[in-house]
Amino acid sequence: MTRFTMSIRAIGAVLLASLLPVAALAGEGAQRLERYLAGLDSLRADFVQYTFNAARTQMTESHGRFYLQRPGRFRWEYDDPVAQVIIADGKRVYVHDLELEQVTHQSQERALRGTPALLLASGAPITEHFAVTELPSTDGRDWVALRPLDADAEVERIELGFGSDGLESLIMEDGFGQNTRLDFSAATRNLALEPDLFEIDRSAVDDFLSFD
């Protein structure tokens, strides 16, 4: 599975956690999710992303920053191991490899196909698409699990961990048994984000490739 696919799935999970409306849920973890979503318009956070194969062997560790602007715009900056920026402007998703000076892009709908982010379009409560389960509190966090009700969903399970700073951890398992974990820090809600964060500069790259 490619880095691009794993990154897009992780982004889809974060978007889902950040934007889908929720119905009234019981349990402390579920209530933390509901409170976190209330009034969220924009978000900026640092992250560390770990990916594991089905044998639970760590494959990669990445660091960077994440920006979110409702509706449907995000910027995902990777500093290492490969310098890369992924931008969604509401219509298309652009993957910019800074070392190769190359951008690949496709429609946002196509790029996010098979990820939880596609559910954003429905605007329906999260409980219409996911079974929500309260998990034991560990590591000083309240945890809640989301399992897709759609049997064909590529993502098998998402776990969200809420601490004193809001959403602090996200763990996602896909249908291949691979896991992605994101740990967030320095999160800031509802800050003013510059519009050009969600724009791609075509003049800054040699190759601009469409996959539509």
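Residues numbered from 1 in each chain as written. Predicted model: local features only at pLDDT ≥ 70, side-chain atom pairs only at ≥ 80, totals over all residues. Heavy atoms only, no water.

## Here we look at the overall build of the chain
Going by this rule: Segments assigned H or I by DSSP are reported as helices when at least four residues long, segments assigned E as strands when at least two residues long, and all are numbered from the N terminus. Whether a residue is buried, partly exposed or exposed follows from its accessible area with a 1.4 Å probe, protein chains only, as a fraction of its type maximum: under 20%, in between, or over 50%, in that order. Contacts between residues were defined by any pair of non-hydrogen atoms, one from each residue, lying within 4.5 Å.
Counting secondary structure elements, the chain contains 3 helices and 12 strands. Within the chain, the fraction of its 212 residues that count as buried is 48%. Within the chain, contacts between residues separated by at least 24 positions form 50% of all contacts whose residues are at least 6 apart in sequence.

## Regarding the environment of Thr188
Inspection of the secondary structure assignment puts Thr188 in strand E11 (residues 179-189). The partly exposed category is assigned to Thr188, whose relative accessible area is 35%. Placed 144 residues apart in sequence, Thr188 and Arg44 show a C-alpha to C-alpha distance of 5.3 Å. The residues contacting Thr188, other than those within four sequence positions of it, are Ser42, Leu43 and Arg44.

## Some thoughts on the pattern of salt bridges
Note the following rule: Between Lys or Arg on one side and Asp or Glu on the other, a salt bridge is scored when a side-chain nitrogen of the former is within 4 Å of a carboxyl oxygen of the latter.
Counting across every chain of the model gives 7 salt bridges. Taking the shortest distance from any N to any O, the salt bridge between Glu77 and Arg65 comes out at 2.8 Å. Here Arg65 lies in strand E2 (residues 58-69) and Glu77 lies in strand E3 (residues 73-80), a separation of 12 residues in the sequence. Of the charged contacts, one joins Asp183 and Arg181 as a salt bridge, the two residues approaching to 2.9 Å between their closest N and O atoms.

## Some points on the packing of aromatic side chains
Rules: Any Phe, Tyr or Trp ring, taking Trp's six-membered ring, that has another such ring centre within 6.5 Å forms a pair; planes under 30 degrees apart are called stacked, those over 60 apart edge-to-face, and the others tilted.
Scanning all chains against the criterion turns up 4 aromatic pairs. On the basis of an interplanar angle of 25 degrees and a centroid distance of 4.8 Å, the ring pair of Phe47 and Trp76 is categorised as stacked. Separated by 29 residues along the polypeptide, Phe47 in strand E1 (residues 42-52) and Trp76 in strand E3 bring together distant segments of the chain. Comparing Phe47 with Trp76 shows no difference in burial state: the two are buried. Ring geometry for Phe47 versus Tyr78: centroids 5.4 Å apart, planes at 80 degrees, classification edge-to-face. Of the two residues, Phe47 sits in strand E1 while Tyr78 sits in strand E3, which places them 31 residues apart along the sequence. Grouping residues by exposure puts Phe47 and Tyr78 together as buried. An aromatic cluster of at least three residues, connected via ring pairs, comprises Phe47, Phe66, Trp76 and Tyr78.

## Some thoughts on the sheet that holds strand E5 (residues 92-97)
How we decide: Only when DSSP finds a minimum of two bridges between them are two strands counted as paired. In this description, a line fitted to the C-alpha atoms serves as the axis of each element, helices being fitted only across the stretch in contact, and the angle between N-to-C directions of two axes falls anywhere from 0 to 180 degrees.
Taken together, the 12 strands give an open sheet; going across it, the order is E7-E8-E9-E10-E11-E1-E2-E3-E4-E5-E6-E12, and neighbouring strands pair in mixed fashion. The two strands at the open ends of the sheet, each matched to only one other strand, are strand E7 (130-138) and strand E12 (207-210). Each adjacent strand pair in this sheet contributes to an overall mean axis angle of 20 degrees, direction not counted. Sheet analysis places E2 next to E3, joined by 7 bridges and oriented antiparallel. Residue Leu68 lies in a different strand from E3, and its bridge partner there is Phe74.

## Some points on the environment of Phe52
As for its placement among the helices and strands, Phe52 is situated in strand E1. As a C-alpha pair, Phe52 and Asn179 span 127 residues in sequence and 5.1 Å in three-dimensional space. If sequence neighbours within four positions are ignored, Phe52 has contacts with Thr57, Gln58, Met59, Gln178 and Asn179.

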